[in-house]
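Residue-level structure breakdown
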Amino acid sequence: MEFRTRDGVAKVLNGVSYHVSAGETLAVLGESGSGKSVTAQTIMGILDTPPGFITNGSIKFRGEDLLTQSAEERRQVRGEGIAMIFQDALSALNPVFTIGFQIEEQLKVRRGMSKVDARKRAVELLDQVKIPNAKGRVSDYPHQFSGGMRQRAMIAMSLALDPELLIADEPTTALDVTVQAQIMDLLAEIQKERDMGMILITHDLGVVADVADRISVMYAGRIVEHADVYELFRAPGHPYTESLLESLPRVDLRGQELKTIKGLPPSLTNIPPGCPFNPRCPRVFDRCSTEVPVVHNLGMGRTSRCHIAEEVVARG
Amino acid sequence: MGRYVLRRLLQLIPVFLGTTFLIYALVWAIPQDPFAGKCGQRPCDPAYIAEMSQKLNLNDPLVIQYFKYLGNLLVGDFGTTFNGVSVGEQIATSWPITLKMGIIALIIEAVIGIVAGVLTGLRKQGFLDNLVLVSTLFLISLPVFVTGFVLRLYLGPQGFDLMDTSVSSDPTFGELILPGFVLGSLSMAYVARLTRSSIVENRRADYVRTAIAKGQPQSRVVGIHLLRNSLIPVITFLGTDLGSLMGGAIVTEGVFNINGIGGLIFRGIQEKEGIMVTGIVTLLVLVYLLMSLIVDLLYAVLDPRIRYE
């Protein structure tokens, strides 16, 4: 996947590969600009072309490659097979239509439901995402909802067609902390109930630890590490993950200065040669700036793109 | 909402009084003998002057004159001109013609303008986009009388003879299409540009992306989600434009020899028939005020985020 821009071609995604099964949550973790949202939009097929171009690769859903499907077939998958919720529910919901309209629209247009049935189902869905007095609030406009309620309504809307996979693109970033926890709990609960696969895109390690089964860590458009959530927290297999974990505030290290990762993530039009993380890596050595690390298999489904992956894991 | 409407309606009163007084003063307070040239080459008969002065309250101070005029207006009496023609009757015959033409102009500018704006907004920098940009620039920079004369000449019998460009004294809708197009041409260009920029601004909006991610068909993504939001400024423009179309009809009516309000007001000014001018302008002010009230109320309907206390 690349973006063709005036500043040159940005290789936004490069060798990104992951899979999600029913009932499983995969967290895609990364800094801003690491390509995690673009991955999600590529899967959904809602990327703007231009500037976005998919040069090669495949996205398999139920065994079929979405990239070889016609535009109409892909549209049918959206909402029905794969649904998505966005970061900022206020701007993601249409301001001039009621919440009810926006949910019912899915049921009416995609399922051919009658007006009355669609309204009934919309209220049920709002009830499921725990919106109090759903019946009374279904005809409210998005701006009449609070931030958390809007995200709940957004979730209800995404569930309207019973998708098998839900992509949540930073669903709690725009919310305050207490509401964040509620929304994450709700997502986890719904996912369990429906045995639905979920891709959770986030930059928040704390969120990941609670909900995810597996984690893919992205850096500069690549997956640098992939691991089971417990394994990753126990012993990170890539210096980048290691640095991320070290920069988490911890209760037992009270009074010490918080560690940060020095430097900035690279511009995607100008990715450094060798390992893209080498300018910021605390474990950097000469091979890092010349040779792109291959994927190291660390067993139990763990992978890492680091020359010294085995060493990093062992030390953790 | 109810209280807001009431307050707005009450606000109409001082605005109406202010504007009409201004017009009345401008027309009647001119330091000139209102009877000059009214009786051919000779000076007017003193008896006639006395009678008309009495009728038009010319011997009263201006403010008293104005309130007497207003009192007559309230009972539907627009007064009579110097040669005894009833202004009310004149307006009654020409008003429907101008209104018809204004509505035709409004429909033409809305339909063509919005369609052109949507098509070019969705597909920037194509042939169509350039065509619309250049042609609207052309329409905006040309004075209406040029557009009018050129179209009349080239489409009419002396030109390519594509249609009958003459307009009868009691015109049908069909006869008024070309004048309506000319009248609305300037606004049509504005509507096209306004729609285009509004579509361009909104088509990358998050809610549009959501509608696509929901798997809604393209026709609904554009026709329902994008258009509904993009048309808010366009519809408010169209609303206020009906008022300006009525006033702007003077030139178009002149070009096509239409007996509308525009012609009436033009003759009124030429023949110094003050009572005619004040009557018509008062009516135009009223239309304008009502249209802007309707537009303000429409705002709340179009955009639910706007609420009137």
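Treat the numbers as computed from the prediction; the structure is a model and nothing was measured. (Residues numbered from 1 in each chain as written. Chains lettered and ligands numbered in written order. Predicted model: local features only at pLDDT ≥ 70, side-chain atom pairs only at ≥ 80, totals over all residues.)

**So, the overall build of chain A**
Regarding its fold elements, chain A presents twelve helices and 13 strands. A globule of 316 residues ought to have a C-alpha radius of gyration of about 20 Å, and chain A, at 21 Å, matches this closely. Each of the 316 residues in chain A was classed as buried or not, and the buried ones make up 43%. Relative to all contacts within chain A whose residues are 6 or more apart in sequence, the contacts with residues 24 or more apart total 63%. (Helix = DSSP H or I, 4+ residues; strand = E, 2+ residues; numbered from the N terminus. Rg over C-alpha atoms; globule rule 2.2 N^0.38 Å. Buried ≥ 20, exposed ≤ 12 C-beta atoms within 10 Å, placed from the backbone. Contact = placed C-beta atoms within 7 Å.)

**Regarding the domain arrangement of chain B**
Along its sequence, chain B is carved into domain 1 (2-74) and domain 2 (93-272). For domain 1 of chain B versus domain 2 of chain B, the distance between C-alpha centres works out to 35 Å. (Domains from an automatic or database assignment.)

**Regarding the interface of chain B and chain A**
Across the contact, 17 residues belong to chain B and 22 residues belong to chain A. Among the secondary structure elements, those contributing two or more residues to the side of chain B that touches chain A are helix H8 (206-213) and helix H9 (218-256) of chain B. The element contributing the most residues to the side of chain B that touches chain A is H8 of chain B, with six residues. For the side of chain B that touches chain A, a count of residues per class yields five nonpolar, five polar and seven charged. (Nonpolar A, V, L, I, M, F, W, Y, C, P; charged D, E, K, R; others polar.)

**Focus: the UniProt feature "domain: ABC transmembrane type-1" (unreviewed entry) in chain B**
The positions that UniProt labels "domain: ABC transmembrane type-1" (unreviewed entry) are, in the present scheme, residues 95-299 of chain B. Secondary structure across residues 95-299 of chain B comprises 80% helix and 0% strand; the distance between its end C-alpha atoms is 28 Å. (UniProt positions renumbered as here; feature names shortened; annotations may be inferred.)

**Side note on the packing of helix H7 (residues 177-202) of chain B against H9 of chain B**
All names here are of chain B. One can describe the packing of H7 onto H9 by two numbers: an axis separation of 8 Å at closest approach and a directional angle of 160 degrees. Comparing their axes, H9 and H7 come out roughly antiparallel. Our pair here, H7 against H9, has a crossing hand that is right-handed. Within the contact of H7 with H9, the residues separate by chemical class into 15 nonpolar, nine polar and one charged. (Axes fitted to C-alpha atoms, helices over the stretch in contact; angles between N-to-C directions. Parallel < 35°, antiparallel > 145°, perpendicular 65-115°, else oblique. Left-handed = near helix turned anticlockwise from the far one by under 90°.)

**Details of the nonpolar core**
Membership of the largest hydrophobic core comes to 131 residues, with the highest contact counts inside it found for Leu-126, Ala-153, Met-154, Ala-156, Ile-167 and Ile-199 of chain A. No other element matches the twelve residues that H9 of chain B contributes to this core. Residues lining this core come from more than one domain, with at least three contributed by each of domain 1 (2-74) and domain 2 (93-272) of chain B. Not counting chain neighbours up to four residues away, the residues in contact with Ala-153 of chain A comprise Leu-93, Ile-99, Leu-126, Ile-131 and Phe-145 of chain A. In terms of nonpolar packing, the next biggest core, distinct from the first, is built from five residues, Leu-298, Cys-306, Ala-309 and Val-312 of chain A among them. (Core = buried A, V, L, I, M, F, W, Y, C linked by C-beta atoms within 7 Å.)

**Some details on the packing of helix H5 (residues 115-128) of chain A against helix H7 (residues 147-159) of chain A**
All names here are of chain A. Contact geometry for H5 and H7: axes closest at 9 Å, N-to-C directions at 125 degrees. One element, H5, and the other, H7, form an angle in the oblique class. In this structure, the crossing between H5 and H7 has a hand that is right-handed. Only Ala-153, Ala-156 and Leu-159 of H7 make contact with H5, whose side of the interface consists of Leu-125, Leu-126 and Gln-128. Of the residues contributing to the contact of H5 with H7, the split by class is five nonpolar, one polar and no charged.

**Focus on the sheet that holds strand E7 (residues 82-85) of chain A**
Residues and elements named next belong to chain A. Read from one edge to the other, the open sheet built from eight strands follows the order E7-E8-E9-E3-E10-E11-E13-E12, with strand pairing classed as mixed. What marks the edges here is a single partner per strand, and that holds for E7 and strand E12 (296-299). Along the sheet, successive strands turn relative to each other by an average axial angle of 20 degrees, direction set aside. The sheet contact formed by E7 and strand E8 (residues 165-169) spans four bridges and is parallel. Across the sheet, Ala-83 pairs through a bridge with Leu-166, a residue of E8. (Pairing = 2+ DSSP bridges.)

**Regarding the pairing of strand E9 (residues 197-202) of chain A**
All names here are of chain A. Across the six residues that make up E9, a large majority, six, are buried. Of the two faces of E9, the one lined by Gly-197, Ile-199 and Ile-201 and the one lined by Met-198, Leu-200 and Thr-202 are each fully buried. With five bridges connecting them, strand E3 (residues 25-29) and E9 associate as parallel partners. Bridging across to E9, Ala-27 finds its partner in Leu-200. Of the strand pairs in this sheet, E8 and E9 are connected by five bridges, and their pairing is parallel. Residue pairing across strands places Leu-165 opposite Gly-197, the latter belonging to E9. In this fold, the crossover linking E8 to E9 by way of helix H8 (residues 177-194) has right-handed handedness. (Right-handed = clockwise from strand over helix to strand, strands pointing away.)

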